[in-house]
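# Close look at the chain arrangement
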Amino acid sequence: MDFEFNEQQNMLKTMARDFLSKECTKTKVRELEKDPKGYDPDMWSKMVELGWMGLIFPEQYSGTGADLMELAVLMEEMGKNITPGPFFSTIALCAIPILKFGTETHKAKYLPPIADGKNIWSLALTEHSGRFEASDVNCIAKYDGKYYVINGEKWFVPYAHVADYLLVLCRTESGHKPEDGLTLFIVRTRSRGVKSELIQTIAGDGQCRVKFKNTKVSKRDILGKVGKGWDMVKYIMQRATILKCAEVSGACQAVLEMTTAYAKDRTQFDKPIGSFMAIQHKIVDMLTDVEGLQYLVYYTAWLLSTGGKADMQVSLTKAKANEVYQRICIDGIKVHGAIGFTMDHDIGCYFRRVKAAEYMLGDTDLHLEKVAVGLGL
Amino acid sequence: MDFKFSEKEEMLREEIRKFAKAELAGKDFVSGMEEESRDEDWEFAMQISKKLAQKGWLTMAWPREYGGQGASFFEQHVYIDEAGYWGIPGTTMGISGIGWVGPSLMLFGTEEQKKKYIPLIASGDPDGVWCTAYSEPNAGSDFANIQTRAIKNGDEYILNGQKIWTSCAHRARWCWIAVRTDATVAKKQHGISLLILDMQSPGITIKPILNYAGIHIFNELFFDNVKVPVTNLVGTENRGWYHLMQSLAFERHSMAPQFYGTARRLLEHIVKYTGGIRYHGKSLSADPMVRHKLAERTIELETLKMFGYEITWKMSKGLIPIYEAARNKAYCDLVMQRLATTGTEIIGAYSQVDMWSKWGKVMGHIVRLYMMFPGLEIAAGTDEVQKNIIGQFKLGLPRPY
């Protein structure tokens with residue numbers, strides 16, 4: 001057993017920290033929250049140069065063959081700094097299932113442009129209910145003898161407005177169970193009938209409502225098998241969820257760090273406020289939350305990258321991430337007092353993203369239920 | 001990052017499971033603090049201690065010269081975790097000896113002390129049972145405030161004073177005691193010394209204190225001119241405080257893996273119980289509230305597991321985890337409290353049935369934990385004391401008191 005990063009992981013971590021602290025300042029984060037694109041193409045191309053897009057792709061697809069653990073290390077650093085942009089949607093939500101379920105043609109066609117930073121992707125799964133349940137998928141794809149024709153709408157699709165491609169989960173037939181008869185399509189956003197509209201979110205983090213009106217997709221652009229879309233969603237729900245948790249873990253570490261520093265610095269009643277037990281113990285509780293989440297993320301990412309059984313582990317980590325991120329931000333703001341309530345202070349940048357992380361890939365209740373199933377309940 | 005146990009560690013786990021099944025057949029303990037229990041339980045625990053010693057497990061991480069196996073910290077971790085899971089009694093022999101007296105003597109005992117006391121503990125014999133006398137009526141969380149006096153007179157110390165909350169004193173052959181050897185110092189942390197006290201010395205009175213569940217764990221100790229040879233001084237005279245900080249960290253190290261094992265077993269029992277109970281025409285295990293509560297408890301348990309792994313890993317690297325031990329102790333307490341409370345909510349009205357009653361649910365284990373956790377939380381330092389340690393040692397925040 002070893003809790004240490006290996007050399008490669010350490011290098012990646014240092015590189016990411018150095019790059020992001022320089023390029024992705026909180027001033028930049030605030031700017032991007034107001035920016036119509038929601039990301040900085042200049043920063044994006046530098047991330048491409050650093051090799052982040054193709055990090056986990058095999059060499060033949062212009063990648064460097066790293067594993068999920070390394071990607072988690074990178075996501076953790078991105079979370080610390082808050083890195084706005086379609087990295088998560090492109091890599092975690094789309095490239096990962098393409099790597100696993102795509103045909104050779106799919107991989108050769110779609111992965112190199114991702115690695116080169118030319119294409120942005122996103123996953124269109126959630127619908128009007130805002131949930132991650134198969135029974136809520138009503139988007140229809142009907143085969144007309146030549147094409148599948150998609151009609152319906154998707155909600156909370158990250159960065160769809162700047163994406164080149166979407167993975168769209170549609171109902172192709174009605175099965176016995178809601179999970180049956182779902183299919184995942186690769187849809188070009190420039191296709192006829194696709195319309196993305198930005199949802200005004202608290203974090204200005206580029207989430208969209210996407211409408212499909214008689215959008216035609218060829219059979220070639222089905223990912224995996226017809227009717228087996230939910231299997232892929234389950235796979236995404238594992239890998240992408242742990243990467244989201246890694247990002248949240250990084251964010252929580254940053255909030256703890258700024259809160260501890262503030263408690264040492266800020267003086268009231270002639271003493272640093274961190275010397276008051278009520279404040280000190282609150283921060284200690286934050287630390288225990290942060291370290292617990294961090295280790296669960298590492299453990300789960302390790303399980304997944306070594307092929308271990310991890311369904312319950314992923315879910316308990318996500319439920320923990322949801323709870324911890326919210327609690328850390330709220331307690332952190334309380335320790336800061338009024339200054340923590342301002343637009344000028346960085347802690348708000350993290351708090352604005354709590355709900356987006358919580359509802360991405362399943363809320364706490366959904367994951368607690370999965371843990372209960374894992375327990376044999 | 002690598003969280004795999006080695007083949008050797010996994011083999012040990014299998015061996016312990018076999019041992020538990022063979023030795024505990026029909027006795028399903030789950031949570032055993034043997035000194036709390038009745039005479040017949042204590043006797044059974046001591047029989048198992050002897051067998052554990054013969055297996056070489058009782059003090060496996062100690063060096064061979066001290067009756068150990070030179071096992072790795074991870075092997076010891078596996079042993080503690082499994083012992084907790086199966087509820088193997090006798091693993092701690094009243095806690096003190098194995099928990100911190102042995103490891104502390106190896107660090108700062110004299111050669112003579114090491115030769116005399118360490119093999120006794122490792123043997124699993126009743127003569128290797130220790131108690132620890134730290135707390136006094138006016139020295140609880142403010143532990144440095146101890147007043148029990150030891151005055152040097154020739155080659156003896158003469159002890160006078162009182163200790164309280166001394167677990168296992170009524171079972172112990174020896175006592176690990178903190179006393180004041182210098183009352184003139186300006187800083188109360190100075191002037192404290194650690195002594196080895198023979199519990200058969202004349203002048204010691206042991207008075208039992210029953211806890212609110214009617215169980216005899218604690219005692220009051222009174223000392224009336226008790227003579228202790230100066231050769232029983234541990235470490236340096238008047239520097240006892242610094243030795244104690246180390247001993248206390250030893251005490252808190254093994255809590256996470258041990259309670260993780262115990263709690264995992266209890267959770268399994270609770271899950272099984274919910275499957276057999278009808279509620280609103282369905283199985284209780286189908287109730288969404290029950291499912292969510294047990295899922296929450298699982299998250300806490302798995303977090304505790306990681307904290308246990310982390311501290312063992314740090315020890316294996318030769319580090320001395322101070323704040324980590326305090327964090328694990330505080331987190332253990334939280335997990336214990338929540339699991340016990342959830343457990344009582346699941347057995348409902350049966351949570352008022354005594355742990356020994358034939359009418360009890362889940363073999364009385366939930367009620368036992370529920371009745372014990374407030375005391376266990378206070379033992380080895382309250383939540384507040386642990387959080388002060390974490391605040392200072394890890395976060396670098398100023399001392400609040």
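Residues numbered from 1 in each chain as written. Chains lettered and ligands numbered in written order. Predicted model: local features only at pLDDT ≥ 70, side-chain atom pairs only at ≥ 80, totals over all residues.

## Some details on the overall build of chain B
Definition in use: Helical segments are the DSSP runs of H or I of at least four residues, strand segments are the runs of E of at least two, and each set is numbered from the N terminus. Just to be clear, the radius of gyration here is over C-alpha atoms, and the globule rule we use is 2.2 Å times residues to the power 0.38. What counts as a contact is two residues whose backbone-derived C-beta atoms lie within 7 Å of each other.
Counting secondary structure elements, chain B contains 11 helices and 10 strands. Against the compact-globule benchmark of 21 Å for 401 residues, chain B has a radius of gyration of 21 Å, which places it among compact chains. Taking the principal axes of the C-alpha coordinates as reference, chain B spans close to 75 × 45 × 45 Å. Within chain B, counting contacts between residues at least 6 apart in sequence, those at least 24 apart form 72% of the total.

## A few points about the overall build of chain A
For clarity, the threshold we go by: Exposure classes come from backbone-placed C-beta atoms, where a residue is buried if 20 or more other C-beta atoms lie within 10 Å of its own, exposed if 12 or fewer do, and partly exposed in between.
A count of helical and extended segments in chain A gives 12 helices and 10 strands. Relative to the globule expectation of 21 Å for 377 residues, the C-alpha radius of gyration of chain A, 21 Å, shows essentially globular dimensions. Within chain A, the fraction of its 377 residues that count as buried is 54%. For chain A, contacts bridging at least 24 residues in sequence account for 73% of all contacts bridging at least 6.

## What about the packing of helix α9 (residues 311–336) of chain A against helix α12 (residues 364–375) of chain A?
Residues and elements named next belong to chain A. Inclusion rule: Note on definitions: angles span 0 to 180 degrees between N-to-C directions of axes, and those axes are lines fitted to C-alpha atoms, for helices only across the stretch in contact. Here is the rule for handedness: rotate from the far helix to the near one, and if that takes an anticlockwise turn smaller than a right angle the crossing is left-handed, while a clockwise turn gives right-handed. For this classification, Asp, Glu, Lys and Arg are treated as charged, while Ala, Val, Leu, Ile, Met, Phe, Trp, Tyr, Cys and Pro are nonpolar and the rest, including Gly, are polar.
Here α9 crosses α12 at 145°, and the two axes come no closer than 8 Å. Where α9 crosses over α12, the two elements pack in a sense that is left-handed. Touching D311, M312, S315, L316, K318, A319, N322 and E323 of α9 are T364, H367, L368, K370, V371 and G374, all from α12. Residue classes in the contact of α9 with α12 are distributed as five nonpolar, five polar and four charged.

## Looking at the interface of chain A and chain B
Listed as interface residues are 35 residues of chain A and, on the opposing side, 34 residues of chain B. Mapped by element, the contributors of at least two residues to the side of chain A that touches chain B are α7 (229–265), α8 (277–305), α9 and α12 of chain A. The leading source of residues in the side of chain A that touches chain B is α8(A), at 13 residues. Split by residue class, the side of chain A that touches chain B holds 23 nonpolar, eight polar and four charged.

## Focus on the domain arrangement of chain A
Accessible area lost when the parts come together is the quantity often used to give the size of an interface. Residue and element names in this part refer to chain A. How we decide: Boundary definitions for the domains trace back to an automatic or database domain assignment.
Each assigned domain of chain A is listed with its residue range as follows: domain 1 (7–117), domain 2 (122–228) and domain 3 (231–375). Of note, the centres of domain 1 and domain 3, computed from C-alpha atoms alone, are 21 Å apart. At the junction of the two partners, domain 1 supplies 21 residues and domain 3 supplies 25 residues. At the level of secondary structure, the elements contributing two or more residues to the side of domain 1 that touches domain 3 comprise α2 (26–34), α4 (68–81) and α5 (87–101).

## Brief notes about helix α3 (residues 73–86) of chain B
All names here are of chain B. Definition in use: Expected span of a helix, by definition, is 1.5 Å for each gap between consecutive residues, and there is one gap fewer than residues.
In this model, α3 (14 residues) spans 20 Å end to end at C-alpha, consistent with the 20 Å of a helix rising 1.5 Å per residue. For α3, the buried fraction is high: 13 of the 14 residues fall into the buried class. Of the residues flanking the end of α3, it is G87, one or two places downstream, whose phi is positive at about 65°.

## Structural notes on the environment of A:V157
Residue and element names in this part refer to chain A. Within the secondary structure layout, V157 lies in strand β3 (residues 148–158). Since 26 C-beta atoms lie within 10 Å of it, V157 is described here as buried. In sequence terms V157 and E127 are 30 residues apart; their C-alpha atoms lie 9.1 Å from each other. Contacts of V157, omitting those with residues within four sequence positions, involve S122, A124, L166, Q207, C208 and V210.

## Description of the nonpolar core
It is characteristic of soluble globular proteins that their nonpolar side chains tend to be buried jointly. Put simply, the test is: Nonpolar core, as used here: buried Ala, Val, Leu, Ile, Met, Phe, Trp, Tyr and Cys residues forming one set through C-beta atoms within 7 Å.
Core analysis: the largest hydrophobic core is formed by 240 residues, its most contacted members being A:A72, A:F185 and B:L195. No other element matches the 18 residues that α7(A) contributes to this core. Leave out the neighbours within four places in its chain, and A:F185 touches A:A141, A:Y148, A:I150, A:V168, A:C170, A:V217, A:D221 and A:I222.

## Here's the deal with the domain arrangement of chain B
By the assigned domains, chain B splits into domain 1 (7–92), domain 2 (130–238) and domain 3 (254–393). Centre-to-centre separation of domain 1 of chain B and domain 2 of chain B, based on C-alpha positions: 29 Å.

## Considering the packing of α7(A) against α9(A)
All names here are of chain A. Stated formally: Angles below 35 degrees are treated as roughly parallel, those above 145 as roughly antiparallel, those between 65 and 115 as roughly perpendicular, and all remaining angles as oblique.
Following both chains from N to C, one finds α7 and α9 inclined at 25°, their axes separated by 9 Å at the closest point. Viewed along their axes, α7 and α9 adopt a mutual orientation that is roughly parallel. Every pair of crossing elements has a handedness; the one defined by α7 and α9 is left-handed. Here the contact of α7 with α9 is built from residues that sort into 16 nonpolar, seven polar and two charged.

## Looking at helix α1 (residues 7–23) of chain A
Residue and element names in this part refer to chain A. Basically, it comes down to this: Picture the helix axis, draw a direction to every C-beta atom, and the arc is the one those directions span.
Here α1 contains 17 residues, and its C-alpha end-to-end distance of 24 Å stays within 8% of the 24 Å for a straight helix at 1.5 Å per residue. The set of residues buried in α1 consists of L12, A16 and L20. Viewed along the axis of α1, the buried residues span an arc of 45°, placing them on a single side of the element. Exposed residues pointing more than 90 degrees away from the buried face of α1 are listed as E7, N10, T14, D18, S21 and K22.

## A word on the environment of B:T59
Take B:T59: it is sitting in the loop between α2 (39–55) and α3. The residues touching B:T59, leaving out its near neighbours within four places in the chain, are B:G67, B:G68, B:I98, B:G102, B:I121 and B:A122.

## Some words on the confidence of the model for chain B
Going by this rule: Each residue carries a pLDDT score, the predictor's own confidence in it, on a scale running from 0 to 100.
Averaged over every residue, the pLDDT of chain B is 92; the share at 70 or more is 98%. Interface predicted TM-score (ipTM) for the complex: 0.95; the corresponding pTM is 0.95.

## Side note on the pairing of strand β4 (residues 174–180) of chain B
Residues and elements named next belong to chain B. Selection criterion: Two strands qualify as a pair provided that DSSP identifies no fewer than 2 bridges between them.
Among the seven residues of β4, seven are classified as buried, and the element is accordingly described as predominantly covered. Alternating positions in β4 separate into two faces, W174, W176, A178 and R180 on one and C175, I177 and V179 on the other, with burial throughout. Where strand β1 (residues 130–133) lies against β4, four bridges are found, and the strand directions are parallel. The residue of β4 that forms the bridge with W130 is W174. Examined bridge by bridge, β4 and strand β5 (residues 192–198) share seven bridges and lie antiparallel to one another. Its bridge partner being in β5, C175 is matched across the sheet by L197.

## A few points about unusual backbone geometry
We note that A:N214 has phi near 50°; this positive angle belongs to a residue other than glycine. If you trace the backbone, A:N214 turns up in strand β7 (residues 207–217). With a phi close to 60°, B:W165 is a non-glycine residue in the positive phi region. You can see B:W165 is positioned in the loop between β3 (156–163) and β4. The class for B:W165 is buried, based on 21 C-beta atoms found within 10 Å.

## Some remarks on the environment of B:W62
Residues and elements named next belong to chain B. Within the fold, W62 resides in the loop between α2 and α3. Once the C-alpha coordinates of W62 and P103 are considered, the two residues, 41 residues apart in sequence, prove to be 7.8 Å apart. The residues contacting W62, other than those within four sequence positions of it, are G67, G68, G102 and A122.

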